[in-house]
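Chain residues, written in single-letter form:
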Amino acid sequence: MFEIMTDLMPATPIDVLALGVVDFKQSSFETCEAISQNEKIERRYGPEIYFDLASLTKPLTNSLTYFIRPKKFDEDMLLCLNHRGSLPAWGILPKDRWREQILSYPIKAGETLYSDFSALRVMLEFEKKGESMKNLCLNIWDKETVYWSDLPDTASTIQTGFKDSKPNFGKVHDPNAYNLNTFCSHAGLFSTISGLCRTLIAYQQSTDFIGQVRSGLKLNSHRFCYGWDRVENPDNCLAGQGCGPLTFGHLGFTGTSIWIDPDRMIGHVILSNATKNHWFDKVGLNSIRRAVGEYVWGGNWDYKGR
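Residues numbered from 1 in each chain as written. Predicted model: local features only at pLDDT ≥ 70, side-chain atom pairs only at ≥ 80, totals over all residues. Heavy atoms only, no water.

Asker: How would you sum up the overall build of the protein? Please name residues and give values.
Answerer: Assigned secondary structure in the protein consists of 10 helices and 13 strands. At 18 Å, the protein has a C-alpha radius of gyration in line with the 19 Å of a compact globule built from 306 residues. Across its three principal axes, the protein shows a C-alpha extent of roughly 50 × 45 × 35 Å. Going through the 306 residues of the protein one by one, you find that 57% of them count as buried. At a minimum sequence separation of 6, the contacts of the protein that also span at least 24 residues come to 67%. Surface exposure of the protein reaches about 13,200 Å², of which carbon and sulfur atoms provide 47%. The centroid of the 33 positive side-chain charges in the protein is displaced by 4 Å from the centroid of its 35 negative side-chain charges. (Helix = DSSP H or I, 4+ residues; strand = E, 2+ residues; numbered from the N terminus. Rg over C-alpha atoms; globule rule 2.2 N^0.38 Å. Buried < 20%, exposed > 50% of the residue type's maximum accessible area, 1.4 Å probe, protein only. Contact = heavy atoms within 4.5 Å. Areas by Shrake-Rupley, 256 points an atom, 1.4 Å probe, with all protein chains shown as cover. Lys, Arg positive; Asp, Glu negative; His and termini not counted. Charge placed at Lys NZ, Arg CZ, Asp CG, Glu CD.)

As structure tokens, then:
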């Protein structure tokens, strides 16, 4: 995997790139972290960087909550979980009445519209039923997977953009998650690469979400299944060529991704800070995403287990 980093990182604004491969059959994983400095790409050792996971937060909160408490999800909540509830996609929310605004939108079955507001609605509807989503998820998350406001003082972070014209380190990139300054299910989680791999393993051990998503993908053709995004064209996708037809995952705006092939029970994770200088050019990042996927699905990774 390090060869992919050295080949492709120079064409991106990424300072630190972390890759992980998870073998869910063995409940094991391999990771590699590289840093760009002095115009060289070097393998990084020592305490791992905490990355802003961005929208990887959604499947690690809303979807995880569904698999733990499926009976608490009614049809409206499932529509929102799968981005088919007809809520607006995004907008700057008021700090004081954001809950009332999110709850004011009528839910009705519609076409898929990827929506942060839908993700927030899932959380609010769930918590109306008397349970904290964050507290429920804390039982599964690894100690190195935390909400941004709970980052340990010793956490190493990297720049993910700018806030108030100053480089942003350790603060969530998403403006709503930052301004609301409270736990949100659409963005805000940070994690190290090992912490995220351990979280995914615990997620699977606790819920068998991989098997459940696999079954769900076979039953319907909608894009999202229990909050996870399906691969629609295995021959040309960001999961990488060679993935199976039922591969699913999620992308994060800051340059993160998770993809899992349920037939092989193998997944790969990419964490980066592709938004360090800008957000609009994802060509280099997407080249890394495709190259990592092709490498992993082709069985080329040097697996030792952890």
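Past the structure itself, the notes keep going.
Asker: Explain the sheet that holds strand E4 (residues 51–52) residue by residue, including any values.
Answerer: In spatial order, the strands read E4-E8-E5; together these 3 strands make up an open sheet with antiparallel pairing. The open sheet is flanked by E4 and strand E5 (145–147), the only strands paired with a single partner. Pairing analysis gives 3 bridges linking E5 to strand E8 (residues 189–191), with the strands arranged antiparallel. In the strand pairing of E8, Val 146 is matched with Phe 190. (Pairing = 2+ DSSP bridges.)

Asker: Just give me the short version of the packing of helix H8 (residues 193–207) against helix H9 (residues 209–219), but keep the residues and values in it.
Answerer: Two numbers describe a pair of packed helices, the interaxial angle and the distance between the axes. Axis separation between H8 and H9 bottoms out at 7 Å; the angle between their running directions is 75°. On the basis of their axis angle, the class for H8 and H9 is roughly perpendicular. Contact residues: H8 offers Leu 200, Tyr 203, Gln 204 and Thr 207, while H9 offers Phe 209, Ile 210 and Gln 212. When grouped by side-chain class, the residues that make up the contact of H8 with H9 number 4 nonpolar, 3 polar and no charged. (Axes fitted to C-alpha atoms, helices over the stretch in contact; angles between N-to-C directions. Parallel < 35°, antiparallel > 145°, perpendicular 65-115°, else oblique. Nonpolar A, V, L, I, M, F, W, Y, C, P; charged D, E, K, R; others polar.)

Asker: So, the packing of aromatic side chains: which residues are in play, and what are the values?
Answerer: In total, this model carries 17 aromatic pairs according to the counting rule given. Centroid distance Phe 67 to Tyr 203: 6.4 Å. Interplanar angle 55°. Geometry classified as tilted. With a gap of 136 residues between them, Phe 67 in helix H2 (residues 57–68) and Tyr 203 in helix H8 connect regions that are remote in the sequence. You'll find Phe 67 and Tyr 203 in the same group, each marked buried. Note on Tyr 203 and Trp 228: the rings are 6.3 Å apart at their centroids and 40° apart in plane angle, and the pair reads as tilted. (Phe/Tyr/Trp six-rings, centres within 6.5 Å; stacked < 30°, edge-to-face > 60°.)

Asker: Provide a residue-level description of the pairing of strand E6 (residues 159–163), including the pertinent values.
Answerer: Consecutive residues of a regular strand have side chains that alternate between opposite faces of the sheet. With 4 of 5 residues buried, E6 is to be regarded as a mostly interior element. In this antiparallel pair of consecutive strands, E6 and strand E7 (residues 166–169), the connection spans 2 residues, and Asp 164 shows a positive phi of 55°.

Asker: Could you give an account of the packing of H2 against H8, with specific residues and numbers?
Answerer: At a closest axis distance of 10 Å, the pairing of H2 and H8 adopts a crossing angle of 15°. Considered as vectors, H2 and H8 are oriented roughly parallel to each other. As H2 runs across H8, the sense of the crossing is left-handed. Of the residues in H8, those in contact with Pro 59, Leu 60, Ser 63, Leu 64, Phe 67 and Ile 68 of H2 are Leu 196, Thr 199, Leu 200, Tyr 203 and Thr 207. (Left-handed = near helix turned anticlockwise from the far one by under 90°.)

Asker: Please give an account of the layout of surface pockets that cites residues and values.
Answerer: In this structure, the largest pocket spans a volume of roughly 500 Å³. Considering the residues around the largest pocket, the lining is formed by 24 residues, among which Ser 55, Tyr 114, Asp 116, Gly 252 and Phe 253 are closest to the centre. Tallying contributions element by element places strand E11 (residues 248–252) first for the lining of the largest pocket, with 3 residues. Within the lining of the largest pocket, the residues separate by chemical class into 10 nonpolar, 6 polar and 8 charged. (1 Å grid on protein atoms, 1.4 Å probe; cavity = no way out; pocket = protein on both sides within 12 Å on 5 of 7 lines; lining within 4 Å. Points joined across faces, edges and corners; volume = space filled by probe spheres on them.)

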